[in-house]
Amino acid sequence: MGASHLVAESVWKSVESTCSVTEEQLSILHFLFGKNFERATRIVDQRGVKRISGQPSGRSIFQVVGESRRKEEYFCFAEHYCACYSFFYDIVNRGEQLCCKHQLAARLAASLGACIEIKMSDEQLALLLSEL
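Parameters and conventions
- Note on numbering: residues in each chain are counted from 1, in written sequence order.
- This being a predicted model, a pLDDT of at least 70 is required before a residue's local features are given, and a value of 80 or more before pairs of side-chain atoms are given or counted; all residues contribute to the totals for chains, interfaces and linings.
- Heavy atoms from the whole structure form the basis of all side-chain values; hydrogens and water molecules are not counted.
- Numbering of helices and strands starts at the N terminus; helices are DSSP runs of H or I of at least 4 residues and strands are runs of E of at least 2.
- We take the radius of gyration over the C-alpha atoms and set the globule estimate at 2.2 Å times the residue count to the 0.38 power.
- Classification of residues uses two cut-offs on accessible area relative to the type maximum, computed with a 1.4 Å probe and protein chains only: under 20% is buried, over 50% is exposed, and between them is partly exposed.
- Every residue pair with non-hydrogen atoms within 4.5 Å of one another is taken to be in contact.
- With residues, only the protein chains shown are counted as cover, and all accessible areas are computed by Shrake-Rupley using a 1.4 Å probe.
- Lines fitted to the C-alpha atoms define the axes, with helices restricted to the stretch that makes contact. Angles between their N-to-C directions range from 0 to 180 degrees.
- Working rule for angles: under 35 degrees goes down as roughly parallel, over 145 as roughly antiparallel, 65 to 115 as roughly perpendicular, anything else as oblique.
- For this classification, Asp, Glu, Lys and Arg are treated as charged, while Ala, Val, Leu, Ile, Met, Phe, Trp, Tyr, Cys and Pro are nonpolar and the rest, including Gly, are polar.
- Note on scores: pLDDT gives the predictor's confidence for each residue, bounded by 0 and 100.
- Salt bridges are identified by distance alone: a Lys or Arg side-chain nitrogen within 4 Å of an Asp or Glu carboxyl oxygen.
- Polar contacts here mean pairs of N or O atoms no more than 3.5 Å apart (in protein, one a potential hydrogen donor and the other a potential acceptor; neighbouring residues in sequence count only if both atoms are side-chain atoms).
- UniProt positions are given in the numbering used here, feature names are shortened, and annotations may be inferred rather than shown by experiment.
- Here, nonpolar core means buried Ala, Val, Leu, Ile, Met, Phe, Trp, Tyr and Cys residues that are tied together by side-chain atoms lying within 4.5 Å of each other.

Chemist: Quick rundown of the overall build of the protein? Include the residues and the values.
Modeler: Helix and strand counts for the protein stand at 6 helices and 5 strands. Secondary structure elements in the protein, listed N-terminal to C-terminal, are α-α-α-β-β-β-β-α-α-β-α. Against the compact-globule benchmark of 14 Å for 132 residues, the protein has a radius of gyration of 15 Å, which places it among compact chains. Seen through its C-alpha atoms, the protein measures out along the principal axes to roughly 40 × 35 × 30 Å. Among the 132 residues that make up the protein, the fraction classed as buried is 38%. Look at the contacts in the protein between residues 6 or more apart in sequence, and 57% of them connect residues 24 or more apart. Taken as a whole, the protein presents about 7700 Å² of accessible surface, with 53% of it coming from carbon and sulfur.

Put into structure tokens, the structure is as follows:
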């Protein structure tokens with residue numbers, strides 16, 4: 001795990017613990033993630049993050065709106081995976097980014113309590129995930 005990743009995790013843990021973000025934390029996250037963080041904040045501001053939770057387990061996945069005119073929605077796990085092209089191209093293949101804007105938006109919205117919450121049965125969630 002690189003230094004940038006460790007710094008980012010420290011900031012995220014702090015944001016999550018207070019459910020708020022300071023100017024200093026915003027500045028650090030912007031330094032680490034650049035334009036992807038700017039785009040993620042726009043997605044969060046536009047209420048573009050849904051957290052889909054299975055009941056009774058509480059397992060969840062995020063559905064995040066893209067910024068293109070088509071407004072595609074991407075499923076992602078904030079810390080590990082996104083179904084968008086950028087995740088596979090910039091993160092998996094080239095290793096140029098720590099995460100994509102959809103993952104950042106999901107993490108930021110979850111940390112601030114800004115997700116649209118959707119509840120479904122664990123069976124429905126399993127079916128949804130099997131179709132990815």
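Now, onward.
Chemist: Summarise the packing of helix α2 (residues 23-33) against helix α3 (residues 35-45); cite the residues concerned and give the values.
Modeler: α3 packs onto α2 with a crossing angle of 125 degrees between their chain directions and a minimal axis gap of 6 Å. On the basis of the axis angle, α2 is oblique to α3. Contacts between α2 and α3 involve Leu26, Leu29, His30 and Phe33 on the former and, on the latter, Lys35, Asn36, Phe37 and Glu38. For the contact of α2 with α3, the residue count by class is 4 nonpolar, 2 polar and 2 charged.

Chemist: Just give me the short version of the confidence of the model for the protein, but keep the residues and values in it.
Modeler: For the protein, per-residue confidence averages 90 on the pLDDT scale, and 99% of positions sit at 70 or higher. Mean pLDDT values over the elements of the protein span from 83, in helix α4 (residues 85-93), up to 97, in strand β1 (residues 49-55).

Chemist: Outline the pattern of salt bridges, supporting the account with residue identities and numerical values.
Modeler: Counting across every chain of the model gives 5 salt bridges. Among the salt bridges present, the one from Glu9 reaches Arg107, with a minimum N-O distance of 2.8 Å. Residue Glu9 is found in helix α1 (residues 3-18), and its partner Arg107 is found in helix α5 (residues 101-112); the two are separated by 98 residues along the sequence. Both residues of the pair, Glu9 and Arg107, count as buried. Through salt bridges with shared partners, a single network forms among Glu9, Glu16, Glu79 and Arg107.

Chemist: Provide a residue-level description of the side chain of Asn36, including the pertinent values.
Modeler: In this structure, Asn36 sits in helix α3. The class for Asn36 is buried, based on a relative accessible area of 12%. At a separation of 3.4 Å, a polar atom in the side chain of Asn36 contacts the main-chain carbonyl oxygen of Cys99. Residues contacting Asn36, with those up to four places away along its chain left out, are Gln97, Cys99, Cys100, Lys101 and Leu104.

Chemist: I'd like a description of the UniProt feature "domain: SWIM-type" (unreviewed entry) in the protein, backed by residues and values.
Modeler: With numbering aligned to this structure, UniProt lists the feature "domain: SWIM-type" (unreviewed entry) at residues 62-111. In the segment residues 62-111, helix accounts for 40% and strand for 22%; the C-alpha atoms at its two ends are 13 Å apart.

Chemist: Tell me about the nonpolar core, and please be specific about residues and values.
Modeler: Nonpolar side chains tend toward joint burial in soluble globular proteins. In terms of nonpolar packing, the biggest core is built from 29 residues, with Trp12, Phe33, Val49, Phe62 and Val64 touching the most fellow members. Secondary-structure elements contributing two or more residues to this core are α1, α2, α3, β2 (60-65), β3 (73-77), α4 and α5. Top contributing element to this core by residue count: α5, with 5 residues. Grouped together as the second largest cluster of nonpolar side chains are 5 residues, Ile52, Ile61, Met120 and Leu125 included.

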